[in-house]
Amino acid sequence: MLDPTVLIFLTSGLFLGWSLGANDAANVFGTAVGSRMVRFTTAALICGVFVVLGAFFSGTGAALTLGKLGSVNALGGSFMAALAAGLTVLWMTKLGLPVSTSQAIIGSIIGWNLFSDSYTDISSLLKILSTWIICPLLSAVIAALLFTLAKIFVRKIGVGLIRMDGYTRLALILAGAFGAYSLGANNIANVMGVFVPVAPFPDLQFGQDFSVSSAQQLFLVGGLAIAVGVFTYSKRVMMTVGSELMTLTPLAAWVAVMSHSIVLFLFASERLEQLLANMSLPTIPLVPVSSSQAVVGAVIGIGMLQGGREIQWPRIYGIVRGWAITPMISCLLCFIGLYFLQNVFQQEVQRESHYLLSTRVLEKFQKEGIETTGLNQLSDSTFSSSAELVSAVSSIVPLSSQQGLKVVEFSLQNSLLITQEKIASMDKKGLSSIQLDALNQLQGQTFNFPWQLGDSLAEISSEWEVRGGGVKNKLHDRKIKQKLAYLYRNF
Amino acid sequence: MNPLSLFFKKQYAVEDKIQRLLRYLEDMGQLYRGAYEAYLDGNYDDFAQLNEDLNKIEKEMDDLGLQIQMTLMRESLMPDSRDDLLWFLTKLDKVPSSFKHSLGAIAIEKPKIPQGFQDPLKKMLAHTHDAVKALAHATDSLFTDLRAVRQHVEEVGRQESEVDKVEYKLLRTVFENETFELARQYQLKGILKQLGAVTNLAEDVADAVLILATKHSA
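Bear in mind the structure is a predicted one, so any value in this text is a computation, not a measurement.

With respect to the overall build of chain B
Logical step 1: In terms of helices and strands, chain B carries eight helices and zero strands.
Logical step 2: Going residue by residue from the N terminus, the α and β elements of chain B occur as α-α-α-α-α-α-α-α.
Logical step 3: Projected onto its principal axes, the C-alpha coordinates of chain B cover approximately 65 × 35 × 25 Å.
Logical step 4: By the burial criterion, 48% of the 218 residues in chain B qualify as buried.
Logical step 5: Residue pairs in contact within chain B that sit at least 24 positions apart in sequence constitute 79% of those at least 6 positions apart.

Dropping the structure here:
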């Protein structure tokens, strides 16, 4: 039976999901519904169903990047992060600034990091921030290309006006369904990503072949919240977006929705990443991107293709200002909210963590390529926050952002005891028999640092090995890390 | 059965109605020419019968046009296409009215056609008929193949200019002929202008077709 406080804390995620459904769904179906090309009930039904499907089946990838940026490790913290983001989105929407949950949740996580004195992985932050520029640019390029091709295609097939109308309507519905799926897959990380490290649901096993992980259950609930947002509140926003974009022809509207959906999909699809990696091509970071940015980028792309005269630049500047202000407000709201939640409502907003620079940890640093000269003076020092730890280490040896993350990971004390009971009760679906054998061999052992379990498993079997280096190993390594993270949580 | 018809039932239904409308338009063009020629040949009974037939078709076409407009207002089609089509149908509706008014004027006024006017008038009628046929094809292309619209619209333009040439010649003849009384001159001018107005209208509607085709093919 779930603790009722857990459910109360989850409500903020549901609120954020609702606001995402109410606002961002307009980016998917706004043009079609606002200009009455598609009926609202049809759009809401399709959007709701596909958002849930996208969140459930493809939501994991982008959520991992958010987890890297900052692992909010207590339910109270996750509650406030989601609440601050949701309130910011609602506030900005009331001010008439089209913002996205992506910007708001990033601000919230930084707010939590600042409050809990946790280390912020600058490289992950930069990766996310860079997508805020890449996403609209990419969307603009895709839209311009797609619009050119679509125009050539339409001229070539030369169907009549009424059929073209019907085909465009069908294409808009299909693009909307794809957009809703991509929105669910990419943006569910914004809604439920902060709850993943503290996911309160046990994994569910249905028969031998089908299991639903804790994160997937979270994503399903979040997806449903988005769907409720679409049904209850998105009509008004869709009508506004639709009438604002009335200068777009139906074909251009389809191109805008399609480009937005493609961009969201590119930044959410693990399968595409795998395909690119297999072809030794650079992969696209799996990051939650803003659907508003994608749509605005697409419209600019189409506008530029037609000479750029019809683009309302002052409106664009206003939108960009909103994108910059949102994370700042969300960060501030989250910080203040956490203070009240912890000190007035006496709720746990961060779990106590201890970081120890033991000799073994320093050896691990060296093995992982982190300079340790001079770090002996910190030997056996303990730290109560990751930011404090990284600051102490980097005052002696220079650390890259990635190395800072490793220092935090390897120094975190978390005692793990491998028992027969826990192995029996865990979800073994993702583990091969060799991996399971290796785990069984470690029965009865205790590890003071989680990475020690990983290293011990890798020593027993190469199937637990994190290979490192190269794009091809990236996916393999990520899978191993996901499995190890599951083991760390389970034991 | 075309599997797409399941998805686009409403669109196909509107298309069918528009096709019927165009067949009526072509029939009217034929009847107009037949009735006018019958009058020129002095077959007044045939003229009366064909004029009556034309009025019947005009009424049916009117009803059908209204049905299409109601369908467009109630359902199917995106607002942009719907507004364009309503605008176009209102324009197209003026062509059958021009047939009716032209024949109506002859039926009431019963003008005496001067010697030597029969052949040029028949030539004008043939060009008018061809212009209406080309207009029907242009409109049909608007709903079947946008790429073919331009060539039919150009054909309407060519026929209109032929009609203009004959009309101008006949008007000069009318006003240069000193044996005609002024009243008769103005009566003949009215008749010629009404005949010429049919192709002018056809050209106007054809231009509208071209505008729509250009707009919806980009």
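Here the narrative resumes, following the displayed structure.
Looking at the packing of helix α13 (residues 359–367) of chain A against helix α18 (residues 450–460) of chain A
All names here are of chain A.
Logical step 1: With their axes 12 Å apart at the nearest point, α13 and α18 run at an angle of 60° to one another. On the basis of their axis angle, the class for α13 and α18 is oblique. Of the two possible hands of crossing, α13 and α18 adopt the one that is left-handed. For the pair α13 and α18, contact is made by Arg360, Val361, Lys364 and Lys367 and by Trp451, Gln452 and Asp455, respectively.
Logical step 2: Across the contact of α13 with α18, the residue classes tally to two nonpolar, one polar and four charged.

Remarks on the nonpolar core
Logical step 1: With 90 residues, the main nonpolar core has A:Phe29, A:Met192, A:Phe195, A:Met238, A:Trp254 and A:Val255 as its most contacted residues.
Logical step 2: In contact with A:Phe195, not counting residues within four places along its chain, are A:Phe9, A:Leu10, A:Ser12, A:Gly13, A:Leu75, A:Ser78, A:Phe79, A:Ala82 and A:Leu218.
Logical step 3: B:Met124, B:Leu125, B:Leu212 and B:Ala213 belong to the second-largest nonpolar core, a separate cluster that totals 66 residues.

Notes on the interface of chain A and chain B
Logical step 1: Of the residues lining the interface, 24 residues belong to chain A; the matching set on chain B comes to 26 residues.
Logical step 2: With both chains or domains summed, chain A and chain B bury close to 2,100 Å², and 64% of this area falls on carbon and sulfur atoms.
Logical step 3: Linking chain A with chain B are one salt bridge.
Logical step 4: Our enumeration of links across chain A and chain B arrives at four residue pairs in polar contact (both at pLDDT 80 or more).
Logical step 5: Broken down by secondary-structure element, the contributors of at least two residues to the side of chain A that touches chain B are α6 (122–157), α7 (161–192) and α9 (250–266) of chain A.

Thoughts on the pattern of salt bridges
In a structure, side chains of opposite charge can pair up when their charged atoms sit close to one another.
Logical step 1: Using the criterion set out here, one finds 16 salt bridges over all chains in the structure.
Logical step 2: Here B:Asp63 makes a salt bridge to B:Lys59, at a shortest N to O gap of 3.3 Å. Residue B:Asp63 and its partner B:Lys59 are located together in helix α3 (residues 44–74), separated by four residues, close to a single helical turn.
Logical step 3: Taken together, the shared-partner salt bridges connect A:Lys364, A:Glu368, A:Lys406 and A:Asp455 into one network.

Details of the side chain of B:Glu15
Logical step 1: Summarising the element assignment, B:Glu15 is placed in helix α2 (residues 9–40).
Logical step 2: If near-sequence neighbours (up to four positions away) are discounted, B:Glu15 is found in contact with A:Ile162, A:Arg163 and B:Phe143.

Looking at the packing of aromatic side chains
Logical step 1: The final tally for this structure, using the stated rule, is 15 aromatic pairs over all chains.
Logical step 2: Look at A:Trp18 and A:Tyr233: their rings are 5.3 Å apart centre to centre, the planes differ by 45°, and that puts the pair in the tilted class. You can see A:Trp18 sitting in helix α1 (residues 4–34) and its partner A:Tyr233 sitting in helix α8 (residues 214–244), a full 215 residues away along the chain.
Logical step 3: Judged by centre distance (5.6 Å) and plane angle (80°), the rings of B:Phe175 and B:Tyr186 are edge-to-face. Pair noted here: B:Phe175 is in helix α7 (residues 149–176) and B:Tyr186 is in helix α8 (residues 182–216), with a separation of eleven residues, a long-range link.

Rules used in this analysis
- Residues numbered from 1 in each chain as written.
- Chains lettered and ligands numbered in written order.
- Predicted model: local features only at pLDDT ≥ 70, side-chain atom pairs only at ≥ 80, totals over all residues.
- Heavy atoms only, no water.
- Helix = DSSP H or I, 4+ residues; strand = E, 2+ residues; numbered from the N terminus.
- Buried < 20%, exposed > 50% of the residue type's maximum accessible area, 1.4 Å probe, protein only.
- Contact = heavy atoms within 4.5 Å.
- Axes fitted to C-alpha atoms, helices over the stretch in contact; angles between N-to-C directions.
- Parallel < 35°, antiparallel > 145°, perpendicular 65-115°, else oblique.
- Left-handed = near helix turned anticlockwise from the far one by under 90°.
- Nonpolar A, V, L, I, M, F, W, Y, C, P; charged D, E, K, R; others polar.
- Core = buried A, V, L, I, M, F, W, Y, C linked by side-chain atoms within 4.5 Å.
- Buried area = accessible area lost by both parts, 1.4 Å probe.
- Salt bridge = Lys/Arg side-chain N within 4 Å of Asp/Glu carboxyl O.
- Polar contact = N/O pair within 3.5 Å; in protein donor to acceptor, adjacent residues only side chain to side chain.
- Phe/Tyr/Trp six-rings, centres within 6.5 Å; stacked < 30°, edge-to-face > 60°.

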